[in-house]
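Observations on chain architecture
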Amino acid sequence: MTLAPHFIAQLTYLSTEEGGRKTNALSGYRPGIKFPFYSGLFSGVQNFIGTDFVCPGQVVNAEITLFDTDYFKEKLSEGLEFDFFEGPRLVGHGKILKLIHPELINIKRLL
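Residues numbered from 1 in each chain as written. Predicted model: local features only at pLDDT ≥ 70, side-chain atom pairs only at ≥ 80, totals over all residues. Heavy atoms only, no water.

Right, let's get into the packing of aromatic side chains. By the definition in use, this model includes 13 aromatic pairs. Ring centres 5.9 Å apart and planes at 70 degrees place the aromatic pair F7 and F82 in the edge-to-face group. Linking F7 in strand β1 (residues 7–13) with F82 in strand β7 (residues 81–86), this pair joins segments that are 75 residues apart in sequence. By the burial criterion, F7 is buried, and F82 matches it. With a centroid separation of 5.4 Å and 45 degrees between ring planes, the pair formed by F35 and F82 is classed as tilted. With F35 in the loop between β3 (32–34) and β4 (42–48) and F82 in strand β7, this pair connects stretches of sequence that are 47 residues apart. (Phe/Tyr/Trp six-rings, centres within 6.5 Å; stacked < 30°, edge-to-face > 60°. Helix = DSSP H or I, 4+ residues; strand = E, 2+ residues; numbered from the N terminus. Buried < 20%, exposed > 50% of the residue type's maximum accessible area, 1.4 Å probe, protein only.)

Following this line, the structure appears as structure tokens:
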């Protein structure tokens, strides 16, 4: 079963020297995602666009699918930045380029 993506994001993976991953991440990677409006981590899937993997230090666009959207209704917007983690270790940063799921759009930021 493939879930539909919720948004497209530009992902910047930290280099190994910056504390990021030591190995490539494959499309379908599932890091913890932290948004600025909530202190916890959420689960999501990164499906890379145009490539099967990304190396530490690279930038890639990806379709992101969140597992539980209840926390995100009307809270996301294009340009919103977030971080992603492996356990407690920060491995990269992201920026929402395009929202696909209409219930997640923060209407107040559009006004």
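Having seen the structure, we can now continue with the description.
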